[in-house]
Amino acid sequence: MDKFVIRGQRPLEGTIRIGGAKNAALPCMAACLLTEDPVTLENVPDVRDIQTTRKLLESMGVETDGGSGRARHKIRMQAARVTTPEAAYELVKTMRASTLVLGPLLARMGQAKVSLPGGCAIGARPIDLHLKGMEKLGAQLRQEHGYIYAEARRLRGAEYVFDRITVTGTEDVLMAAVLADGETVLENCAREPEVVDLAGLLTAMGARIEGAGTGTVRIQGVNRLHGAEHRIMPDRIEAGTYLMAGFITGGSLRLTGLEPGHLQALLDRLRECGAALEIGPDWLATMPGPRLRGVDITTAEHPGFATDLQAQFMALMTQADGASVITETIFENRFMHAQELNRMGASIKIEGNRAVVRGPAVLNGAAVQASDLRASASLVLAALAAEGETIIDRIYHIDRGYERIEEKLRSTGAAIRRIGNLIKTN
Ligand code: EPU
């Protein structure tokens, strides 16, 4: 298992280009199942979850091309024939987003067999709301041996209100509804930009969708969809992570190729902290400034403060003056990074879904373990600010969603290297 070895306290200087959004690319890849024509995606990040999704699609008979060498950010997929409309446990257990194939398979093939994901490091994360949505569209579901078996001769449009806001749930049911018979009205939908990105691809494929990015999405079902080309939106979470890396090291870091409007809640909180921030039409820049002040955040669905940036913000707050109360409302167990940050010298107390961070703390390098994707990113940030050397284990988590993070950071002056398990560190 690879590890990162990081020597901290070097201000990051230079430019990092932000890649395409993993969480937009995943549903867009699943959408290729909706048509027999080719779907080509550009700006697809070269990360593990994308490779896993590709394997999943190939296991169903989808032909894929690209995604390597110079064309590593472009993937062409063609589901001319779907031979096995099935997402096996072996893949779903490594990546829950595999369940995104349920809606497209049901809509196009009238049947699907999808493993139920188990629990996850950050919470229970059931998919009951996806399933209820499919039933509302007329699918018959049964659960056997850990799998959902779904069937429908043709889905029919319906009204469905999500009991709570779910990002992949909204995407999954949206993909089912585009080929359903008649009108579907989805209420209490996720308003995340990734949903809008998916709707953009579906519309380019011939779907009729109104209201994506609002709480109410209306879909007029069509009989068939055709191929399309689509450019994946920039990764707002990657951008937010590097932005905080700039501030935690007191560096002058410029991030390009992003959409600042997607990061409004983070930018507002950073300004409250006193962060010296420059904002351009498609770029952001950090400048060295006085020590940040601790501010409170509460995670929420978009446009609120993204839960996927909570761990990184917590690392940043260990270096701020005063207390910061961080409330996590989306996932019930998303504070695993706090104990690791404390091992590095932070002062963080957890009470239920609240973390109280008291800064500024002198962080010092230690051996720590990543527990999930964003927790790993917070440990990288802490390591960049710490005295001495930090070794982060289990970085396969980070490889799921950050493309070549060590190369991007190294190009701006960070002392970070990847080592295999058996290689000595010194
Ligand atoms: N929920 C249910 N039932 C459902 C679906 C969700 O109870 O059927 C609950 C979840 O347990 C959670 C809340 O609703 O408490 C919100 O979960 P949501 O469904 O929105 O999460 P998700 O769609 O599984 C996506 C991202 C996550 C991100 C969350 C929240 C993808 C592939 N994943 O997950 O990204 O944290 O939305 O914004 O889009 C990450 O990239 O590190 C990551 C975890």
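Anyway, here's the lowdown on the structure attached to this text. Keep in mind the model is a prediction, meaning the values are calculated, not measured. (Residues numbered from 1 in each chain as written. Predicted model: local features only at pLDDT ≥ 70, side-chain atom pairs only at ≥ 80, totals over all residues. Heavy atoms only, no water.)

**Examining the site of the ligand**
Around the ligand, a shell composed of 22 residues is seen, among which Leu-129, Thr-166, Thr-168, Asp-308 and Ile-330 lie nearest. Between the ligand and Pro-126, the relevant distance is 3.3 Å, taken from an oxygen atom to a main-chain nitrogen or oxygen of the residue. Take Thr-168: an N or O atom from its side chain is 2.6 Å from an oxygen atom of the ligand. Bound to the protein, the ligand loses 88% of the 830 Å² it would expose on its own. Of all the secondary-structure elements, those providing two or more residues to the shell around the ligand are helix H1 (22-30), helix H5 (128-136), helix H6 (167-177) and helix H12 (373-385). Looking at side-chain class alone, the shell around the ligand contains 10 nonpolar, five polar and seven charged residues. (Near = heavy atom within 4 Å. Polar contact = N/O pair within 3.5 Å; in protein donor to acceptor, adjacent residues only side chain to side chain. Areas by Shrake-Rupley, 256 points an atom, 1.4 Å probe, with all protein chains shown as cover. Helix = DSSP H or I, 4+ residues; strand = E, 2+ residues; numbered from the N terminus. Nonpolar A, V, L, I, M, F, W, Y, C, P; charged D, E, K, R; others polar.)

**A few points about the sheet that holds strand E4 (residues 63-66)**
Sheet architecture is open: four strands sit in the order E4-E5-E3-E14, paired in mixed fashion. The open sheet has two edge strands, E4 and strand E14 (228-231), and neither has a second partner. Across the sheet, the mean angle separating the axes of adjacent strands is 15 degrees when strand polarity is ignored. Here E4 runs beside strand E5 (residues 75-78); their pairing, made up of four bridges, is antiparallel. Residue Gly-66 lies in a different strand from E5, and its bridge partner there is Ile-75. Relative to E14, helix H7 (residues 193-204) is tilted by about 160 degrees, and along the sheet it contacts strand E3 (38-42) and E14. (Pairing = 2+ DSSP bridges. Axes fitted to C-alpha atoms, helices over the stretch in contact; angles between N-to-C directions. Contact = heavy atoms within 4.5 Å.)

**Points about the packing of H1 against H7**
It is at 9 Å that the axes of H1 and H7 come closest, and there the two elements cross at 35 degrees. The hand of the H1/H7 crossing is right-handed. Here H1 contributes Asn-23, Ala-24, Pro-27 and Cys-28 to the contact with H7, which in turn contributes Glu-194, Asp-197, Leu-198 and Leu-201. Of the residues assigned to the contact of H1 with H7, the class counts are five nonpolar, one polar and two charged. (Left-handed = near helix turned anticlockwise from the far one by under 90°.)

**Re the environment of Met-175**
Inspection of the secondary structure assignment puts Met-175 in helix H6. Residue Met-175 is classed as buried on the basis of its relative accessible area, which comes to 0%. A sequence separation of 24 residues divides Met-175 from Ala-199, and the C-alpha atoms of the two residues are 8.8 Å apart. Apart from the residues lying within four places of it in its own chain, the contact partners of Met-175 are Pro-27, Ala-30, Ala-31, Leu-34, Leu-100, Gly-103, Pro-104, Ala-107, Leu-198 and Leu-202. (Buried < 20%, exposed > 50% of the residue type's maximum accessible area, 1.4 Å probe, protein only.)

**As for the environment of Phe-335**
Topologically, Phe-335 is positioned in the loop between strand E19 (322-327) and helix H11 (336-343). Separated by 24 residues in sequence, Phe-335 and Ala-311 have C-alpha atoms that sit 7.3 Å apart.

**Topic: the nonpolar core**
One finds Leu-34, Val-178 and Leu-202 to be the most contacted residues of the largest nonpolar core, which totals 74 residues. With six residues, the single largest contributor to this core is H1. Apart from residues no more than four positions distant in its own chain, Leu-34 is found in contact with Pro-104, Ala-107, Arg-108, Met-175, Val-178, Leu-179, Leu-202, Met-205 and Leu-225. Listed in part, the 69 residues of the second largest apolar core include Ala-361, Ala-370, Leu-373 and Ala-382. (Core = buried A, V, L, I, M, F, W, Y, C linked by side-chain atoms within 4.5 Å.)

**Examining the packing of aromatic side chains**
The tally for this structure, following the rule as stated, stands at two aromatic pairs. Relative to Phe-162, the ring of Tyr-160 has its centre 4.8 Å away and its plane inclined at 65 degrees; by these criteria the two rings are edge-to-face. The exposure classification of Tyr-160 matches that of Phe-162, with both residues buried. Measuring from centroid to centroid gives 5.4 Å for Phe-305 and Phe-313, while their planes differ by 70 degrees, and the two rings are edge-to-face. Both residues of the pair, Phe-305 and Phe-313, count as buried. For Lys-113, the ring lying beneath its charged end belongs to Tyr-147, and the centroid distance is 4.7 Å. (Phe/Tyr/Trp six-rings, centres within 6.5 Å; stacked < 30°, edge-to-face > 60°. Lys NZ or Arg CZ within 6 Å of the ring centre and 35° of its normal.)

**Some remarks on helix H10 (residues 310-317)**
Of all eight residues in H10, eight are buried, a share of seventy percent or more. Along H10, the positions that sit buried rather than exposed are Gln-310, Ala-311, Gln-312, Phe-313, Met-314, Ala-315, Leu-316 and Met-317.

**So, the packing of helix H4 (residues 102-109) against H6**
The geometry of H4 relative to H6 is characterised by a closest axis approach of 7 Å and an angle of 10 degrees between their N-to-C directions. Relative to H6, H4 is oriented roughly parallel. Mapping the contact onto sequence places Leu-102, Gly-103, Pro-104 and Ala-107 in H4 and Asp-172, Met-175 and Ala-176 in H6. Counted by class, the contact of H4 with H6 contains five nonpolar, one polar and one charged residues. (Parallel < 35°, antiparallel > 145°, perpendicular 65-115°, else oblique.)

**Points about the pairing of strand E17 (residues 283-287)**
Successive side chains on a regular strand alternate, one facing one side of the sheet and the next facing the other. Most of E17 is tucked away: four of the five residues are buried. Pairing of strand E16 (residues 276-279) with E17, which is carried by four bridges, proceeds in the antiparallel orientation. Considered in E17, the bridge of Leu-277 is made with Thr-286. Where E16 hands over to E17, the hairpin turn is made up of three residues, counted between the paired strands.

**A look at the side chain of Thr-64**
Structurally, Thr-64 is set in strand E4. Assessed through its relative accessible area of 18%, Thr-64 is described here as buried. Of note is the side chain of Thr-64, whose polar atom sits 2.4 Å from the side chain of Glu-58. Discounting residues that sit within four places of it in the chain, Thr-64 has contacts with Arg-54, Glu-58, Arg-76 and Met-77.

**Looking at the sheet that holds strand E8 (residues 140-144)**
Reading across from one edge, E6-E7-E9-E8 is the order of the four strands in this open sheet, with mixed pairing throughout. At either margin of the open sheet sits one strand with a lone partner, and together these are strand E6 (86-87) and E8. Bridge count for E8 against strand E9 (residues 147-151) is five bridges, and the pairing is antiparallel. Counted as the bridge partner of Glu-144 is Tyr-147 from E9. Here H4 sits on the sheet in contact with E6, strand E7 (111-115) and E9, set at roughly 160 degrees to E7.

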